[in-house]
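The residues making up each chain are set out below.
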Amino acid sequence: MKARNMEELIRRKYDELNENDLEIWKYIISNKEICKKISIQQLAVFCHVSHTTILRFAKKLGFSGYSEMRSFLKWEEQAEILYEEKDMERNANNFVSAIRTLEDMNMDDICQMIYEAKNIYVNGSGDVQKEAARVLKGKFLHQRLFMNTVEGGAEFELIEEMLTPEDLVIFISYSGNNQTQLKKAREVREKGARILLIAMEGRGEFWNLADGVIEFHPEEIHTVGYDYTYFPTLHFFIVIEFLSLKYMEFTTKKKEA
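Description of the structure in this document.

Reading guide: rules and limits
Residues numbered from 1 in each chain as written. Predicted model: local features only at pLDDT ≥ 70, side-chain atom pairs only at ≥ 80, totals over all residues. Heavy atoms only, no water. Phe/Tyr/Trp six-rings, centres within 6.5 Å; stacked < 30°, edge-to-face > 60°. Helix = DSSP H or I, 4+ residues; strand = E, 2+ residues; numbered from the N terminus. Buried < 20%, exposed > 50% of the residue type's maximum accessible area, 1.4 Å probe, protein only. Lys NZ or Arg CZ within 6 Å of the ring centre and 35° of its normal. Lys, Arg positive; Asp, Glu negative; His and termini not counted. Salt bridge = Lys/Arg side-chain N within 4 Å of Asp/Glu carboxyl O. Core = buried A, V, L, I, M, F, W, Y, C linked by side-chain atoms within 4.5 Å. Contact = heavy atoms within 4.5 Å. Pairing = 2+ DSSP bridges. Axes fitted to C-alpha atoms, helices over the stretch in contact; angles between N-to-C directions.

## Points about the packing of aromatic side chains
Thought 1: In this structure the tally under the stated criterion is ten aromatic pairs.
Thought 2: Considering the side-chain rings of Tyr174 and Phe216, the 5.7 Å spacing of their centres and the 85° angle between planes classify their relative orientation as edge-to-face. Remark: Phe216 occurs in strand E5 (residues 212–216) and Tyr174 occurs in the loop between strand E3 (168–172) and helix H11 (179–191); sequence separation between them is 42 residues. For the pair Tyr174 and Phe216, one class covers both residues: buried.
Thought 3: Over the ring of Tyr115 we find Lys254, and its NZ or CZ is 5.0 Å from the ring centre.

## Quick look at the side chain of Asp167
Thought 1: The topology assignment puts Asp167 in the loop between helix H10 (153–162) and E3.
Thought 2: For the buried Asp167, which has no salt bridge, the nearest side chain bearing the opposite charge is Lys118, at an N-O separation of 6.4 Å.

## Observations concerning the nonpolar core
Thought 1: Formed by 33 residues in total, the largest nonpolar core has its most connected members in Ile114, Met147, Ile170, Ile214 and Leu243.
Thought 2: Contributing elements (two or more residues each) for this core: helix H7 (86–104), helix H8 (108–116), strand E1 (120–124), helix H9 (127–141), E3, strand E4 (194–200), E5 and helix H13 (234–256).
Thought 3: For this core, the leading source of residues is H13, giving eight residues.
Thought 4: In contact with Ile170, other than residues within four places in its own chain, are Ile120, Tyr121, Val122, Asn123, Leu136, Met147, Leu196 and Ile198.

## Quick word on the side chain of Asn123
Thought 1: Counting through the fold element by element, Asn123 comes out in strand E1.
Thought 2: Among the residues examined, Asn123 registers a relative accessible area of 1% and is labelled buried.
Thought 3: If we ignore the near neighbours within four places in the chain, the residues touching Asn123 are Val150, Glu151, Phe156, Ile170, Phe171, Ile172, Gln181 and Lys184.

## Here we look at the sheet that holds strand E2 (residues 148–149)
Thought 1: The strand order E2-E1-E3-E4-E5 describes an open sheet built from five strands, whose pairing is parallel. The open sheet has two edge strands with one neighbour each: E2 and E5.
Thought 2: The pairing of E1 with E3 spans five bridges and is classified as parallel. Paired with Ile120 across the strands is Leu168, a residue of E3.
Thought 3: Sitting on the sheet, H11 touches E1, E3 and E4, and the angle it makes with E3 is about 165°.

What follows is the structure, encoded as structure tokens:
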């Protein structure tokens, strides 16, 4: 689906729009500059509908949510929606494939590193990766294993002074090419601590520094803006879920042995 502006999108989707949708569109077309700046809650108040109704309207037009619709309003004269209907099926299949791959993956060596580590530190390179680090910490806390999440550079400098060869640092990165994170990995290696990398499938210095790697392969989606590619981030949380399950299985076998 390609479109230069909201008017074109509305024309294409007109038969799918209900009375509330048309009221929302009526407000947007009359107040475009305002709608480029306001929140979903504010637009809902102005249109006398719920924010859920606004969200459904955005999705009917092919956007992932309100934020993407607002971005399109800002860029509509210069950008286009480059979203193919097949992307939905392609990514759904990709998620299923990732689950099957992780299900079959032997993570015993990685679980052994986690099991042997005196201290475990987790670092994410961006907002989603930091959230993934917090989820990872929570998953393992239920298994009576504490992980320290390290977010800022100052925090990392403090733990770096305390690192020993008995410690493990888990880096959560998308491309594995974040230079700030890569610099931290070099410092961790100098201290002799072990490294586990969770990242998109690839190769490079980070892979050479790591003692263990869990990779995923996302399917790209073209979205608002010329030459802008979006990669789904659900893979981080799929990996974390399976790492937690694999570790649970690993420790259970150890106890039975």
